[in-house]
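# Topology and contacts: notes
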Amino acid sequence: MTKLFEDYFSELQADMVSICLEYVNNEADNIYIYCFHEEGWYSFNVFYKIRGVVVRKHKLNEIPGVNFVYDTSGERQNAVLNVGIDNLKKIKKKCEEFGRDVPKEMKLHYDVRSNKLQAKYRYDLVVTHDEELLPDDLFDSWFEEVGKKDIGEIN
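Structure report, in brief. Within any chain, residue numbers begin from 1 and follow the written order of that chain's sequence. Under the rules for a predicted model, residues below a pLDDT of 70 receive no local features and side-chain atom pairs below 80 are neither given nor counted, while totals for whole chains, interfaces and linings still include all residues. Heavy atoms from the whole structure form the basis of all side-chain values; hydrogens and water molecules are not counted.

## Brief notes about the overall build of the protein
- Helix and strand content of the protein: 3 helices and 6 strands.
- Since a compact globule built from 155 residues should have a radius of gyration of about 15 Å, the 16 Å found for the protein is in line with a globular shape.
- The classification of residues rests on relative accessible area computed with a 1.4 Å probe and restricted to protein chains. Under 20% of the type maximum is buried, over 50% is exposed, and intermediate values are partly exposed. The buried share of the protein, taken over its 155 residues, is 46%.
- A separation threshold of at least 6 residues defines the contact pool for the protein, and within that pool the share at least 24 residues apart is 59%.
- Residue-level accessible areas treat just the shown protein chains as cover; the underlying method is Shrake-Rupley with a 1.4 Å probe. Summed over all atoms, the accessible surface of the protein reaches about 8800 Å², with 46% contributed by carbon and sulfur.
- Here the protein contributes 21 positively and 29 negatively charged side chains, and the mean placements of these two sets differ by 4 Å. By definition, any uninterrupted DSSP run of H or I lasting at least four residues is a helix, any uninterrupted run of E lasting at least two residues is a strand, and each is numbered from the N terminus. We take the radius of gyration over the C-alpha atoms and set the globule estimate at 2.2 Å times the residue count to the 0.38 power. The contact rule is simple, with two residues in contact once any of their heavy atoms fall within 4.5 Å. Asp and Glu are treated as the negative residues and Lys and Arg as the positive ones, with His and the ends of the chain left uncounted. To locate a charge, take NZ of a lysine, CZ of an arginine, CG of an aspartate or CD of a glutamate.

Rendered as structure tokens:
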């Protein structure tokens, strides 16, 4: 059976979720993955909700009441980000192969307990026409937005 575009796209997103879940040793309630690609520029980042606290990947060991020590070394963080960027490049390639628009921005929210992935895609240029706006700013904004909705947040 021939794979469809949606099959490739779903597999690559699932791989992003998998590497981010592996980073926290499967100990998260929610995973929030930010993907950006524009004008040859790629960015990938992730934050989590664990025990009601929204936390960035490098601050996992600051969650109150968690007796587990996460490996948040720079090497491990870079490995996650590199896999994410590799997957973004593969998504771009598959979009081009199948004549599809390439998303400029993807916000993926994975609910670990229910095993559900929600995705929001943006296809218009996001930062190219704004000299002061960076993908990190958009990631930070999303982190703050999610953190305000929830019980707590660790920057």
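From this point, things continue past the structure.
## A closer look at the environment of Lys93
- Position of Lys93 among the secondary structure elements: in helix α2 (residues 74-97).
- As a C-alpha pair, Lys93 and Ser43 span 50 residues in sequence and 16 Å in three-dimensional space.

## Overview of the pairing of strand β5 (residues 116-122)
- Two strands pair under a simple rule: DSSP has to find at least two bridges between them. Bridging between strand β4 (residues 105-111) and β5 involves 7 bridges; their strand directions are antiparallel. By the bridge assignment for β5, Leu108 is matched with Ala119.
- Taking the residues that link successive antiparallel strands as the turn, the β4-β5 hairpin has 4 residues, and the phi of Asn115 there is positive, at about 55 degrees.

## Considering α2
- Relative to the 34 Å expected for 24 residues at 1.5 Å per residue, α2 spans 34 Å between its end C-alpha atoms, a close match to the ideal helical length.
- Within α2 the residues assigned to the buried category are Gln77, Val80, Leu81, Gly84, Asn87, Leu88, Ile91, Lys94 and Cys95.
- Buried positions along α2 lie against α1 (5-23), β1 (30-38), β2 (41-50) and β4.
- Gly99, located one to two residues past α2, shows a positive phi value of around 65 degrees. Take the number of residues in a helix, subtract one, and multiply by 1.5 Å to get its expected span.

## Side note on the environment of Asn115
- Here Asn115 lies in the loop between β4 and β5.
- Classification of Asn115 as exposed rests on a relative accessible area of 56%.
- Along the sequence, Asn115 and Asn30 sit 85 residues apart, while their C-alpha atoms lie 9.6 Å from each other.
- Polar contact is defined as a pair of N or O atoms within 3.5 Å, subject to the rule that within protein one atom must be able to donate a hydrogen and the other to accept it, and that residues adjacent in sequence are counted only when both atoms are side-chain atoms. A distance of 2.4 Å separates the side chain of Asn115 from the side chain of Tyr110, its partner in a polar contact.

## A few points about unusual backbone geometry
- At Glu39, a position not held by glycine, the phi torsion is positive, near 50 degrees.
- Along the polypeptide, Glu39 turns up in the loop between β1 and β2.
- Among the residues examined, Glu39 registers a relative accessible area of 61% and is labelled exposed.
- The backbone phi angle of Asn115 is positive, close to 55 degrees, even though this residue is not glycine.

## With respect to the nonpolar core
- One finds Ile31, Ile33 and Tyr48 to be the most contacted residues of the largest nonpolar core, which totals 35 residues.
- A total of 9 residues in this core trace back to one element, the largest contributor, which is α1. Here the nonpolar core consists of buried residues drawn from Ala, Val, Leu, Ile, Met, Phe, Trp, Tyr and Cys, with membership extended through side-chain atoms lying within 4.5 Å.

## A look at the pattern of salt bridges
- By definition, a salt bridge exists where a carboxyl oxygen of Asp or Glu is found within 4 Å of a side-chain nitrogen of Lys or Arg. Tallied over the full model, the rule gives 8 salt bridges.
- The salt bridge partner of Asp140 is Arg56, with a shortest N-O separation of 3.0 Å. Within this pair, whereas Asp140 is found in helix α3 (residues 135-149), its partner Arg56 is found in strand β3 (residues 53-56), the two being separated by 84 residues in sequence.
- What makes Arg56 buried here is its relative accessible area of 11%.
- As a salt-bridge pair, Lys94 and Glu97 come within 3.1 Å of each other at their nearest N and O atoms. Placement of both Lys94 and Glu97 in helix α2 is noted, with a separation of 3 residues, approximately one turn of the helix.

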